[in-house]
Every structure is written in C-alpha cells, then in structure tokens.
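Each chain is listed here by its residues.
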Amino acid sequence: MDYELAVIGAGPAGVAAGIYAIRAGISTIVIEEKMVGGQIVISPWIENYPGYENISGMELAEIFKNHLKKYVEPHELEPVKDISKTEDGFEVGTSKGKYEVKAVIFATGATYRMLNVPGEKKFSGKGISFCATCDGFFFKDKKVAVIGGGNAAAIEALYLKNLGIDVHLIHRRDQLRAEKTYQEELERKGVHIVYNTVVCCFNGDQKLESIELKDVNSEERRTEEFNGAFVSVGLVPNTELAKDLGVNLNDNGYIKVDDFQRTNVKGVYAAGDITGGARQIVTSCAQGAQAALASTEVLGKQYPF
Ligand code: NAP
C-alpha cells in the first residue's frame, strides 16, 4: 500500500480533506490535474468565505495551497487517468504513476457547461471565453455579452463592468438566479440585463463579431454586434472516474453521498461541487473535512473526535 488515502482534486474540498486526513494520522496523497484551488482560482473576488471579507480567488488559492503544503505536498499537474478496485483497496493511475490506496475521496469538482450552439466551439478563445478574470482585459472599452443568470454570471458581469466594458447580461428567464446582493450591484453599476433571451448562434469570420439572439416569448430573432461573449451557465460535475468504480449518481448527475460523505462503494467518499448542493467554498471545505474523518472507518483508525 503506497498511501492509505488518495484525495483526487485540490479545490477547497480536496484541500480541506488533505489537511484533515494528515492531521488524523492518515498517510495521504493529494492529486490535482491542474493547480491547487480549483474553480476559485478564476473567481475575481470572494466575499462570503468567513474570515475573508473580500479576497481574490487567486490569493485565497495561494493561502489554501500554503496551508495544505504544511501537511502534504500536493501532486499538481498530474491528471488521474483511471481508478480500479483491488483486493484491499484501489489502484489510482495518473499521468506519472500508479498508487495503491485503501480509500479514495473524489473532490474533482465540476467544469464549465457549454451552450452547445453553433459557433461556440469555433470562437472559443477567439471572442468567446468562460473566464472573465482570465480574458476580460482584452475587451477593455468594448461591448460584451455575459450569458447566464446565476452567481457566477453576475460576478463575471460585474468584474467586466469594472474594467469599463459595456456589459449585456443575457438570461433565458424573467428573473436572475443570482443572490440579491449581486442583483442590486448589477443595477447600481449599470449592467444591461436582457431577460427572456437565448443565444441561437455565434457569428463572425476569424473572431466573434455578432450573436443571434431569440426572445423566448415572441420567438423573434435578432442579430446584435458584440466584441466578446462570456458563457457562464453553470457547471457539469466531473464524475467519469467515479462512475468507473460503480459510484451512484443522483438525478442531476452529481455523486450521491450520505451525511458522512460516503458513496455507495465502500472506501469511496466524495466532497465539494461533485456532490452538487450549495456548491460554496465553505460547504466544500466542510464536506472535505467530513470525508477525510469518515475515511478513518475503513483504515482501522479511530475517528479522531
Ligand atoms: P448556476 O447557479 O447553476 O446558474 C447557472 C445559470 O445559467 C442559471 O441562471 C441558468 O438558468 C443558466 N443556464 C443553465 N443552462 C443554460 C443554457 N443552456 N442556456 C442558457 N442559460 C442556462 O451556476 P453558476 O452561476 O455557475 O454557479 C455554480 C455554483 O457556484 C452555484 O451553486 C453558485 O451559487 C456557486 N457560486 C457562488 C458564488 C457566490 O459568491 N456565492 C459565486 C459563484 C458561484 P436558470 O436560472 O433559468 O436555471
């Protein structure tokens, strides 16, 4: 056995799981395909993680990473390729090697949902982006559409507006899903909100030039010029590896867990965005901690509380 526990993913859930596991005396490997922080890395700012009134996602990710490194060196840039059941645990195969472990915590989060409309793939990186912090600067003093109505879309829109960009938030319904504080800020900052409207296609030659939109009530279509578009319509859980182990998902495609973050497969736990629910940093951290502590049950260790 190389390690007792493999934590797959190092967003807030994976980081908390790693810290709690090591502190509970569990030998642990934390494997991350990109860098520590997960989705928070691309959040322009975070204002609802207790202890931090206002912090950029990048800064918080750095704090998480340093905290984790106090206990365990994360394996960054090491995608997990496969996981299989062994006689007394699991074998985790990554881009760099194979690890025998007794328990696994899936904290693999979720990735951006696409609209799946014509032109979206063609103009991705050529006017269409999924991350305002990464690409917003290129659209300074220009006109962009943000598509979506949730917290993420509101935050993207506000970030872009603060860069002096003419922002049009396009949402398919007649009300936003975003928290009230964000809605108020959108109004205060003068973000144009276009309700009841969907994207039919993205048009252009070498780069995005216009978007064909449809009013869902009147069915009327119109083409409007935009220099850029930020698609922010939610996340799709990264459950492929878990499914390979026979882990059950709920109706929305997220991993089903009990109150202790156990899945239906003994020795396999899940935490964070991959389990759906509130999908907040604070809830992800809590679930990661709980999963790590629960894993003591298959490791022959005493639950430390
Ligand atoms: P979300 O809350 O699931 O919202 C997705 C939005 O995209 C919804 O408004 C949805 O419309 C819309 N949408 C989905 N599919 C669409 C499609 N095919 N075409 C057009 N519109 C579509 O996702 P999110 O905003 O990415 O946030 C993900 C999670 O992270 C959420 O739990 C959110 O609360 C959390 N988060 C929290 C914060 C925070 O500061 N608290 C910040 C960012 C993210 P409908 O409203 O019609 O369903």
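Right above here is the structure, for reference.
Residues numbered from 1 in each chain as written. Predicted model: local features only at pLDDT ≥ 70, side-chain atom pairs only at ≥ 80, totals over all residues. Heavy atoms only, no water.

Caption draft 1: Structural detail: unusual backbone geometry. Positive phi values are uncommon outside glycine, yet Leu-77 reaches one of about 50°. Relative to the assigned elements, Leu-77 resides in the loop between helix H2 (57–69) and strand E3 (80–86). Phi at Asn-116 is positive, roughly 55°, even though this residue is not glycine. Note on Asn-116: relative accessible area 63%, which makes it exposed. (Helix = DSSP H or I, 4+ residues; strand = E, 2+ residues; numbered from the N terminus. Buried < 20%, exposed > 50% of the residue type's maximum accessible area, 1.4 Å probe, protein only.)

Caption draft 2: Up close: the site of the ligand. Not every one of the 20 residues close to the ligand is listed here, only the nearest: Asn-48, Arg-173, Arg-177, Tyr-182 and Gln-280. Contact distances for the ligand include 3.1 Å between an oxygen atom and a backbone N or O atom of Ala-278. Arg-279 has a polar side-chain atom sitting 3.4 Å from an oxygen atom of the ligand. Within the complex, the protein chains bury 81% of what would otherwise be the 900 Å² of accessible surface of the ligand. (Near = heavy atom within 4 Å. Polar contact = N/O pair within 3.5 Å; in protein donor to acceptor, adjacent residues only side chain to side chain. Areas by Shrake-Rupley, 256 points an atom, 1.4 Å probe, with all protein chains shown as cover.)

Caption draft 3: Spotlight on the sheet that holds strand E14 (residues 221–225). Ordered by their spatial adjacency, 3 strands build an open sheet running E12-E13-E14, and the pairing between neighbours is antiparallel. Of all strands in the sheet, those bounded by a partner on one side alone are strand E12 (197–204) and E14. Put simply, the sheet's adjacent strands are angled 25° from each other on average, direction ignored. In the sheet, strand E13 (residues 208–215) pairs with E14 via 5 bridges, with the strands oriented antiparallel. Its bridge partner lying in E14, Ile-211 is registered against Glu-224. (Pairing = 2+ DSSP bridges. Axes fitted to C-alpha atoms, helices over the stretch in contact; angles between N-to-C directions.)

Caption draft 4: Expanded view of the pattern of salt bridges. Following the criterion strictly, the structure yields 13 salt bridges and no others. For the salt bridge of Glu-240 with Lys-243, the shortest nitrogen-to-oxygen distance reads 3.3 Å. With a gap of 3 residues between them, Glu-240 and Lys-243 both fall in helix H6 (residues 240–244), about one helical turn apart. Here the residues in one salt-bridge network are Lys-143, Arg-222 and Glu-224, joined through shared partners. (Salt bridge = Lys/Arg side-chain N within 4 Å of Asp/Glu carboxyl O.)

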